[in-house]
Structure formats: structure tokens, C-alpha cells
Amino acid sequence: MDQTEKFARFRDLHAGPGAFVIPNPWDAGSARLLASLGFQALATTSAGYAFSKGKRDSFSALDRDEILANAAEIVAACDLPVSADLEDGFGPAPETCADTIRMAAAAGLVGGSIEDATGLPDAPIYPLDAAVERVRAAAEAARGLPFLLTARAENHLWGRHDLGDTIRRLQAFSEAGADVLYAPGLPDLAAIRTVCAELDKPVNAVMGLGGPTYTVAELAAAGVRRISVGGSFARAALGALMRAATEVRDHGTFGYAETAMPGDSIARLMSQDHHLDRL
């Protein structure tokens, strides 16, 4: 499947009905595993990638070249549409956001997100006008490319629990040309339902970050079209590693191996003809 076909499939997934899950691999191996399980699209995770490199998930620790190189490896590892976590576009200027979108499409991605967080503790969210201009520049860069733009309003991840402002931002991002809208960290299902009702574009919700969780059916009924898991799959993998290592250190036993993935299954999954098999 070429990039144009992947884009068409990705775009159509957002048309419904219901909601689809877009899990977040952090490298080529985890992408192959998730693709083998029948998911229809994948999204990268800056957090998961950062953890795999021994870094914090922060603007200062991750640069555009490494994020796009990681995304390109995930694209090459499977036959699914892949969208990317593109942080804040890797710079404050609208032109930088536009360049990031063009580079992402050139890497084989068929989607990506631009957020309105600055990474600055004393001013964590871009003023609305600046945030909108950044989304508009990204949307203009995506026009004519096989690329679906997601705009993220980050208020609730930075202690700004103003649902009205979050909705106004997402509405403005939609008007500026974003294809998908996303407000991570919403407090409950009622807030998710309100956001979906106030917007005219597909909404992404994230599960697994902490706090309450809801089923795919519950989120779909609330109006969500796309469900991601952020870095939570990567954290789940690290949790399993921590439990296994702690067992060996503290008890001198190796019971963890009973639930480890079999080596022959992994070998089959990672082979070059991995697309022939599904776990």
C-alpha cells in the first residue's frame, strides 16, 4: 500500500461509524507487534520514544530529526497508516510548524499533531492568536499532501482546567484548517462528551494517562472518533520489565518467564515477511 492509499484509509477511519483505536508504538518492533494484532492505524509516541532512549519526554530532550527518524522506522516496519506526535511543531514560528508537516509527509507519515504547549513553565500555553497561526500554517502546508492534521489543546495537561477555553481553542483550530481535534487530559466522560458536541471535526481521546478510563463503546457513545493510548503501552512494557527484574533481584526466581512472549513468536513477527502472519 502506497502513501496515498494509506492516507485514504486513514481519512476514512475518521468518518466512522463509531470509534477506532490507534495505539502508540515507540519503535519498529512494537509497531510490528501492534500491526499483527489487527489494528487499523498506528500513532507514534514522543514519550515512549524518549523512554527507549533514556530521556525525559520534554521539548528540550527531543529534536525534530530524531522524532522523524523514529517515525520513519515505524512507517517502514508495517503496512498501516501512521500518524506522528510532532510535539509543538519543533519551534514557535508558524513557518517552523509548516516545515515540520512537510518533513513528516516526506518521511511517509499520513498524519501528525501540533500542540499549543510552549514547554515553558511560566507560560505553558501559546496565546490563542499565536496558536491559531501555527495551526493555520501547518494546515496550509498539509494542503495537497496525503496528510491529516491533528491540532491539540494542551490546557488540561498544564493545570489550566478551563473547559470553555479549551473548546474555544479547538473550534479556532478547526476553523484554521485542522482535520482532527484533540484535548488530552480531560477530567471525565462528561467533559469529553461536551467537547465532542461543540466541535465539527473528529475528536481524538487518549486513555491510559491516568485518572478514570472508559471503554471504547463508552467513548464512541460520547462522540469520540479516535482513541489513542499515548505513552501508556510503553509504560506498561517498562512496568513488566521492572516487575521481572525486581523478582530476580529480591527473590532469585524467574517466574516472569512464564508470561513472557515466546521467542519463536517474536522471531516470526520480526522477520521480513511479518505481514504474512498475524498473532
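Just above, that's the structure.
Keep in mind that this is a model prediction, so the values were computed, not measured.

1. Considering the overall build of the protein
Next up, step 1: On a plain count of helices and strands, the protein comes out with 11 helices and eight strands.
Next up, step 2: Here the protein has a C-alpha radius of gyration of 19 Å; the compact-globule value for 279 residues is 19 Å, and the two agree.
Next up, step 3: For the C-alpha atoms alone, the extent of the protein along its principal axes is close to 55 × 40 × 40 Å.
Next up, step 4: In the protein, once contacts between residues fewer than 6 apart in sequence are set aside, the share between residues at least 24 apart is 66%.
Next up, step 5: Roughly 12900 Å² of accessible area belongs to the protein as shown, and the carbon and sulfur atoms make up 55% of that amount.
Next up, step 6: Averaged over its 25 positive side-chain charges, the protein has a centre that lies 2 Å from the centre of its 36 negative ones.

2. What to know about unusual backbone geometry
Next up, step 1: In this structure, the amide linkage connecting Gly16 to the following residue, Pro17, adopts the cis form with an omega of 5°.
Next up, step 2: Within the chain, Glu87 stands out as a residue other than glycine whose phi angle is a positive 50°.

3. Description of helix α2 (residues 28-36)
Next up, step 1: Every buried residue of α2 is accounted for by Ser30, Ala31, Arg32, Leu34, Ala35 and Ser36.
Next up, step 2: Its buried side turned inward, α2 meets β2 (42-43), α4 (64-77), α10 (232-251) and α11 (263-270).
Next up, step 3: By the N-cap criterion, in which a side-chain oxygen at the helix start approaches the backbone nitrogen of a residue two or three places on, α2 is capped by Asp27, the distance to Gly29 being 3.3 Å.
Next up, step 4: Two residues or fewer past α2, Gly38 is found with a positive phi of approximately 95°.

4. A short note on the side chain of Ser232
Next up, step 1: On the secondary structure map, Ser232 appears in helix α10.
Next up, step 2: Apart from residues no more than four positions distant in its own chain, Ser232 is found in contact with Met207 and Gly208.

5. Notes on the environment of Val248
Next up, step 1: Within the secondary structure, Val248 is located in helix α10.
Next up, step 2: Among all residues touching Val248, those that are not within four sequence positions of it are Thr253, Phe254 and Tyr256.

6. Thoughts on the packing of helix α7 (residues 163-175) against helix α8 (residues 189-198)
Next up, step 1: Running from N to C, α7 and α8 cross one another at 35°; their axes reach a closest spacing of 10 Å. Our pair here, α7 against α8, has a crossing hand that is right-handed. Mapping the contact onto sequence places Leu163, Ile167, Leu170 and Gln171 in α7 and Ala191, Thr194, Val195 and Glu198 in α8.

7. Regarding the sheet that holds strand β5 (residues 148-152)
Next up, step 1: One open sheet accounts for eight strands, arranged β1-β8-β7-β6-β5-β4-β3-β2; its pairing is parallel. Bordering the open sheet on either side are β1 (20-22) and β2, each of which pairs with just one other strand.
Next up, step 2: For strand β3 (residues 82-85) and strand β4 (residues 111-115), the ladder comprises three bridges, and the chain directions are parallel. What sits directly across from Ser83, in β4, is Gly111.

8. Notes on helix α1 (residues 3-13)
Next up, step 1: Buried within α1 are the following residues: Lys6, Phe7, Phe10 and Leu13. Buried residues of α1, viewed axially, fall in a sector of 125°; they line one side.
Next up, step 2: Looking at the buried side of α1, the elements it contacts are β1, α4, β3, β4, β5 and β8 (226-228).
Next up, step 3: Sitting at the head of α1, Asp2 places a side-chain oxygen 3.2 Å from the backbone nitrogen of Thr4.

9. Quick notes on the pattern of salt bridges
Next up, step 1: Counted by the stated rule, this structure contains 10 salt bridges.
Next up, step 2: The salt bridge partner of Arg11 is Asp12, with a shortest N-O separation of 3.6 Å.
Next up, step 3: When its relative accessible area of 40% is taken as the criterion, Arg11 is described as partly exposed.

10. A word on a nonpolar patch on the surface
Next up, step 1: A cluster of nonpolar side chains, Phe51, Leu238 and Leu241, forms an exposed patch at the surface whose accessible area comes to about 270 Å².
Next up, step 2: Structurally, the position occupied by Leu238 is in helix α10.
Next up, step 3: For Leu238, a relative accessible area of 42% gives the class partly exposed.

11. Things to note about the environment of Thr44
Next up, step 1: Summarising the element assignment, Thr44 is placed in the loop between β2 and α3 (46-52).
Next up, step 2: Residue class for Thr44 comes out buried when judged on its relative accessible area of 6%.
Next up, step 3: Taking C-alpha positions, Thr44 is 22 Å from Ile192, a pair spaced 148 residues apart along the chain.
Next up, step 4: Once you skip the residues sitting within four places of it in the chain, Thr44 turns out to touch Asn24, Pro25, Ala71, Ile74, Val82, Ser83, Ala84 and Asp85.

12. Focus: the environment of Asn204
Next up, step 1: Structurally, Asn204 can be placed in strand β7 (residues 203-206).
Next up, step 2: The spacing of Asn204 and Arg226 is 22 residues in sequence and 4.6 Å in space, taken between C-alpha atoms.
Next up, step 3: Setting aside anything within four residues of it in sequence, one finds Asn204 in contact with Ile22, Val180, Leu181, Tyr182, Ala183, Arg226, Ile227 and Ser228.
Next up, step 4: A distance of 3.1 Å separates a polar atom in the side chain of Asn204 from a polar atom in the side chain of Ser228.

About the thresholds
Sequence order as written defines residue numbering, which begins from 1 separately in each chain. Note on the predicted model: pLDDT of at least 70 is required for a residue's local features to be given, and 80 or more for side-chain atom pairs to be given and counted; whole-chain, interface and lining totals, by contrast, use all residues. Note that water and hydrogens are dropped before the side-chain values are worked out from all heavy atoms of the structure. Strands are runs of DSSP state E lasting at least two residues, helices are runs of H or I lasting at least four, and both sets are numbered from the N terminus onward. Values of the radius of gyration come from C-alpha atoms, whereas the globule rule sets the reference at 2.2 Å times the count of residues to the power 0.38. Contacts: residue pairs with any heavy atoms within 4.5 Å of one another. Under the convention used here, a 1.4 Å probe and the Shrake-Rupley method define accessible areas, while residue burial counts only the protein chains that appear. Here Asp and Glu are counted as negative and Lys and Arg as positive; His is not counted, and neither are the chain ends. Taken as the charge centre is NZ of Lys, CZ of Arg, CG of Asp or CD of Glu, depending on the residue. Exposure classes here rest on a 1.4 Å probe applied to the protein chains alone. A residue is buried below 20% of its type maximum, exposed above 50%, and partly exposed in between. For the purposes of these results, a polar contact is taken to be a pair of N or O atoms within 3.5 Å, where, inside protein, one atom must be able to donate a hydrogen and its partner to accept one; residues adjacent in sequence count only when each atom of the pair is a side-chain atom. Axis definition: a line fitted to C-alpha atoms, over the contacting stretch in the case of helices. Angles run 0 to 180 degrees between N-to-C directions. Note on convention: the crossing is left-handed when the near helix lies turned anticlockwise from the far helix by less than a right angle, right-handed when the turn is clockwise. A pair of strands is treated as paired once DSSP finds two or more bridges between them. Our arc is simply the arc of the directions from the helix axis toward the C-beta atoms. Note on definitions: salt bridges are taken to be side-chain nitrogens of Lys or Arg within 4 Å of carboxyl oxygens of Asp or Glu. Every patch collects residues that have over 30% relative accessible area and no salt bridge, joining them within 9 Å if they carry like charges and within 5 Å if they are nonpolar side chains (Val, Leu, Ile, Met, Phe, Trp, Tyr).

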